[in-house]
Amino acid sequence: EPEVTQTPSHQVTQMGQEVILRCVPISNHLYFYWYRQILGQKVEFLVSFYNNEISEKSEIFDDQFSVERPDGSNFTLKIRSTKLEDSAMYFCASRRGGGGRETQYFGPGTRLLVL
Amino acid sequence: RKEVEQDPGPFNVPEGATVAFNCTYSNSASQSFFWYRQDCRKEPKLLMSVYSSGNEDGRFTAQLNRASQYISLLIRDSKLSDSATYLCVVNRPGKDSSYKLIFGSGTRLLVRP
């Protein structure tokens, strides 16, 4: 069964450093997402991406964040200058398309720790 | 007010018990509804979609009441492997039919031998 993959599984970085989290969505999917989950809290939407542009972004997704689909397979989330409060699990998700009943499939996540 | 509200639990039940989880959502623009399951430090995994007519998948039954903006999940004959956090999720439309998932905080279930 096809699945969403993410690398790295864990990333430790110093405050102020740039990080790039990578995702390979399911191959025939058209919609791509990033969510994050701070330890002990709920999963929160960050950004949706379709047709090579951002469809929607949350208040969390400020100028320090960017997304890119550099080729036909990868989907990346970049945090330009990490802050302590960026420490969280970051999940990539993809959806094939269609209407609201199409579900999103999640990758295993990247655990980011900012020191 | 939270957009999706759930009782955080934990629900601590013996194997074989029946357990029910409830969820309410506040945004009437929400179009579709799901229950996801999340194991500790893992990604959310779809358990089942929730339809107005109610739907069943083995030991799991989900119901939706749009008028009350209420969603439920019933688990019959609980197994040890059902221990997890159950996330009530609503799907809200966005630009380009992008939709986004809005998660509740989850209800933790512990099934004991």
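Everything numeric here is computed off the predicted structure, so don't read it as measured data. (Residues numbered from 1 in each chain as written. Chains lettered and ligands numbered in written order. Predicted model: local features only at pLDDT ≥ 70, side-chain atom pairs only at ≥ 80, totals over all residues. Heavy atoms only, no water.)

S.K.: Can you lay out the sheet that holds strand S1 (residues 5-7) of chain A for me, pointing to particular residues and giving the numbers?
M.R.: Residues and elements named next belong to chain A. Strand order in the open sheet formed by four strands is S1-S3-S8-S7, and the pairing between neighbours is antiparallel. If you trace the sheet from one side to the other, it starts and ends with S1 and strand S7 (65-68), each paired once. Each adjacent strand pair in this sheet contributes to an overall mean axis angle of 20°, direction not counted. By the bridge criterion, three bridges tie S1 to strand S3 (residues 19-24) in an arrangement that is antiparallel. Counted as the bridge partner of Thr7 is Arg22 from S3. (Pairing = 2+ DSSP bridges. Helix = DSSP H or I, 4+ residues; strand = E, 2+ residues; numbered from the N terminus. Axes fitted to C-alpha atoms, helices over the stretch in contact; angles between N-to-C directions.)

S.K.: An account of the layout of surface pockets is requested, with residue identities and associated values reported.
M.R.: Roughly 490 Å³ of internal volume is contained in the largest pocket. Lining the largest pocket are 25 residues; nearest its centre among them are A:Gln37, A:Gly40, B:Gln38, B:Arg41 and B:Thr85. By volume, the second largest pocket is sized at about 350 Å³. What lines the second largest pocket is a set of 16 residues, among which A:Glu1, A:Glu3, A:Tyr105, A:Phe106 and B:Lys45 lie closest to the centre. When contributions to the lining of the second largest pocket are tallied by element, the ones reaching two or more residues are S1 and strand S10 (105-106) of chain A together with strand S5 (45-50) of chain B. Here the lining of the second largest pocket is composed, by residue class, of nine nonpolar, three polar and four charged. (1 Å grid on protein atoms, 1.4 Å probe; cavity = no way out; pocket = protein on both sides within 12 Å on 5 of 7 lines; lining within 4 Å. Points joined across faces, edges and corners; volume = space filled by probe spheres on them. Nonpolar A, V, L, I, M, F, W, Y, C, P; charged D, E, K, R; others polar.)

S.K.: Lay out the packing of aromatic side chains with the relevant residues and their values.
M.R.: Aromatic rings in a pair are described by how distant their centres are and how their planes are angled relative to each other. All names here are of chain A. Applying the stated rule across the entire model yields 17 aromatic pairs over all chains. With a centroid separation of 5.3 Å and an interplanar angle of 45°, the aromatic rings of Tyr35 and Phe106 are classed as tilted. Residue Tyr35 is located in strand S4 (residues 31-37), and its partner Phe106 is located in strand S10; the two are separated by 71 residues in the primary sequence. Note on Tyr35: relative accessible area 0%, which makes it buried. (Phe/Tyr/Trp six-rings, centres within 6.5 Å; stacked < 30°, edge-to-face > 60°. Buried < 20%, exposed > 50% of the residue type's maximum accessible area, 1.4 Å probe, protein only.)

S.K.: With reference to specific residues and values, describe the nonpolar core.
M.R.: If you look at the biggest cluster of nonpolar residues, it comprises 24 residues, and the most contacted ones within it are B:Phe21, B:Trp35, B:Ile71, B:Leu73, B:Ile75, B:Tyr86 and B:Leu109. Looking at this core, the elements with two or more residues in it are strand S3 (19-25), strand S4 (32-38), S5, strand S7 (60-65), strand S8 (70-75), strand S9 (84-92) and strand S11 (107-112) of chain B. Contact partners of B:Ile75, with chain neighbours within four places excluded, come to B:Ala17, B:Thr18, B:Val19, B:Phe21, B:Arg59, B:Phe60, B:Asp82, B:Tyr86 and B:Leu109. Within the second largest apolar cluster, 21 residues are counted, among which are A:Leu21, A:Val67, A:Leu77 and A:Ala88. (Core = buried A, V, L, I, M, F, W, Y, C linked by side-chain atoms within 4.5 Å. Contact = heavy atoms within 4.5 Å.)

S.K.: So what about the sheet that holds S8(B)? Which residues, and what values?
M.R.: All names here are of chain B. Reading across from one edge, S1-S3-S8-S7-S6 is the order of the five strands in this open sheet, with antiparallel pairing throughout. A strand with exactly one partner marks an edge of an open sheet, and here the two such strands are strand S1 (4-6) and strand S6 (55-57). Across this sheet, the average inter-strand angle for adjacent strands is 20°, counted without regard to direction. Sheet topology note: the S7/S8 ladder contains six bridges and is antiparallel. Looking at the pairing, Thr61 lines up with Leu74 of S8.

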